[in-house]
Amino acid sequence: MYHFDEKVCLDYFQQLLAIDSTTGQYQQIQDWTVKEIERLGYRAQVTHKGGVLADIGGEGDPIVISAHLDDIGLMVRKINADGTLNVCPVGGLYPFYCVTENVRVYTAEGKVYTGTICRIPNSIHVTEEELRTVLGDFRTNVCVVLDMPVKTAEDTRALGIETGDYLGLEPRFTMSGGYIKSRFVDDKACVAVLLTAMKMIREHGLKLKRNVIMYFGAYEEIGHGTTWLPEGVKDILCLDIAPTGPDQNSEEHRVSIFAKDSRFPYHSGMTAELRETAKRAGVDYVMDVFTPHYGTDGDGSVLAGYDVRHAAIGPGTSNSHGYERTHIDGLRNTYDLTMAYILE
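Numbers given to residues run from 1 along each chain, matching the order in which its sequence is written. Only residues with pLDDT of at least 70 get local features here, since the model is predicted, and only at 80 or more are side-chain atom pairs given and counted; chain-wide, interface and lining totals rely on the full set of residues. The basis for the side-chain values is all heavy atoms of the structure; hydrogens and waters are excluded.

Draft legend 1. Geometry of the packing of helix 5 (residues 185-204) against helix 8 (residues 328-343). Contact geometry of helix 5 with helix 8 gives a least axis separation of 10 Å together with a crossing angle of 50 degrees. Compared by their axis directions, helix 5 and helix 8 come out oblique. Seen along the crossing, helix 5 lies across helix 8 with a hand that is right-handed. Along its contact with helix 5, which presents Ala189, Val193, Leu194, Thr196, Ala197, Met200 and Ile201, the element helix 8 presents Leu331, Thr334, Tyr335, Thr338, Met339 and Ile342. Partitioning the contact of helix 5 with helix 8 into residue classes produces 10 nonpolar, three polar and no charged. Simply put, an axis is a line fit to the C-alpha atoms, just over the touching stretch for a helix, and the angle between two N-to-C directions goes from 0 to 180 degrees. Secondary structure elements follow DSSP: runs of H or I of four or more residues count as helices, runs of E of two or more count as strands, with numbering from the N terminus. Here the word oblique covers every angle except those under 35 degrees (roughly parallel), over 145 (roughly antiparallel) and from 65 to 115 (roughly perpendicular). The hand of a helix crossing depends on one turn: near helix anticlockwise from the far one by less than a right angle means left-handed, and clockwise means right-handed. For this analysis, residues touch if any pair of their heavy atoms sits within 4.5 Å. When residue character is reported, Ala, Val, Leu, Ile, Met, Phe, Trp, Tyr, Cys and Pro are called nonpolar, Asp, Glu, Lys and Arg charged, and the others, Gly included, polar.

Draft legend 2. Spotlight on unusual backbone geometry. Residues Asp186 and Asp187 are joined by a peptide bond in cis, for which omega reads 10 degrees. Relative to the assigned elements, Asp187 resides in helix 5. In this structure, the amide linkage connecting Thr291 to the following residue, Pro292, adopts the cis form with an omega of 10 degrees. Relative to the helices and strands, Pro292 resides in the loop between strand 16 (285-289) and helix 7 (297-303). Positive phi, normally seen in glycine, also occurs at Arg172, with a value near 60 degrees. The backbone of His321 sits at a positive phi, close to 65 degrees, despite the residue not being glycine.

Draft legend 3. Summary view of the side chain of His68. Note that His68 resides in strand 3 (residues 63-68). There is a polar contact of 3.0 Å between the side chain of His68 and the side chain of Asp186. There is a polar contact of 3.0 Å between the side chain of His68 and the side chain of Glu220. N or O atoms within 3.5 Å of each other form a polar contact, as long as, within protein, one can give a hydrogen and the other can take it, and as long as residues adjacent in sequence are counted only when both atoms are side-chain atoms.

Draft legend 4. Region of the structure containing the sheet that holds strand 10 (residues 174-176). Taken in spatial order, the three strands make up an open sheet running 10-11-18, and their pairing is antiparallel. Of all strands in the sheet, those with a lone pairing partner are strand 10 and strand 18 (324-327), marking the two edges. Pairs of neighbouring strands in the sheet enclose a mean axial angle of 20 degrees, with direction left out of account. Only strands that DSSP links by at least two bridges are regarded as paired with each other. Here four bridges tie strand 11 (residues 179-182) to strand 18, and the two strands are oriented antiparallel to one another.

Draft legend 5. A look at the environment of Tyr42. Along the polypeptide, Tyr42 turns up in the loop between helix 2 (27-39) and strand 1 (44-46). Spatially, the C-alpha atoms of Tyr42 and Asp55 are 7.3 Å apart, while their sequence positions differ by 13 residues. Sequence-distant contacts of Tyr42, that is, excluding residues within four places in its chain, are made with Ile37, Asp55, Ile56, Met198, Ile201 and Arg202. For Tyr42, the side chain forms a polar contact with the main-chain nitrogen of Arg202, separated by 3.4 Å.

Draft legend 6. Broad picture of the nonpolar core. The term nonpolar core refers to a set of buried residues drawn from Ala, Val, Leu, Ile, Met, Phe, Trp, Tyr and Cys, joined through side-chain atoms within 4.5 Å. Only protein chains enter the accessibility calculation, which uses a 1.4 Å probe; a residue whose area is less than 20% of its type maximum is buried, one above 50% is exposed, and one in between is partly exposed. With 101 residues, the main nonpolar core has Leu85, Met198, Phe216 and Leu237 as its most contacted residues. A per-element tally of this core places helix 5 first, with 12 residues.

Draft legend 7. The arrangement of the pairing of strand 12 (residues 212-217) in detail. Extensive coverage of strand 12 is indicated by the burial of six of its six residues. Pairing of strand 2 (residues 51-55) with strand 12, which is carried by five bridges, proceeds in the antiparallel orientation. Its bridge partner being in strand 12, Asp55 is matched across the sheet by Ile213. Sheet analysis places strand 3 next to strand 12, joined by six bridges and oriented parallel. When the bridges of strand 12 are listed, Ser66 appears paired with Tyr215.

Below, the structure is given as structure tokens:
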């Protein structure tokens, strides 16, 4: 009745990946999301600070279902004397997960330049010992080298580049054997899942068991994506990645239901509802706890003082905040659980 359309979901995912959206750099991806929501036949609402909502219908106590549009990335901290860029992370991006990656630099005037994240020194052939023994650090020995013939800070400033400019990393999407490899599976894969669900609901006239509001936040990676909620919302369900690891149950083919993250437990009643829904619908799921460095937008809603139940689910994903990997089955199970929860 509401089968997962793999092709539609992957197409959405790749369209989202094509838009750089380091946290704070929201305008282009917000505009794209608004246009797609309206193309599907819904009305989009834009928040003042950045973010998009869509009331997709249904009656009864409203539930927000969220996934975030923003990515981790970089910002120019200063321009070095040799014209390279000293950068700082926006969100949880670490040098060991991004050195040698290609980037795009966005100036305030709308120009875009390409470059590469490099170690200093950057060639093992001439500085082998330093590269072996010294960890990369954004503050001291990692920089962005521009694909421009700059030699001084003045050369770089003449391009229009300045402190505060955003940098987006190349996603490098590929898929093999059902495994999806890309930066920003967190959380553009979940955004794609929600858009796929919205498309299916509209095209098939599916009846929702309660009023559902889709919420695409733009500040999750720094902790305040859904710290404002529409009036009357009773529950928030966040779709976000479920990191894999040696102490985790999460697995790339399955959807995880989150029992707790590094802040506090999720609402026990809502979590139990999701677990029972997964069992009834035959969804391949696991329960998991994520500590010590994990949270979702739902935490922000609770901490902002909203009287809501909050819960979270998402596809098992490896290499979180790096070159991430999940499986199409993980997206399918996330979609199936989301749809079963709002329809059945």
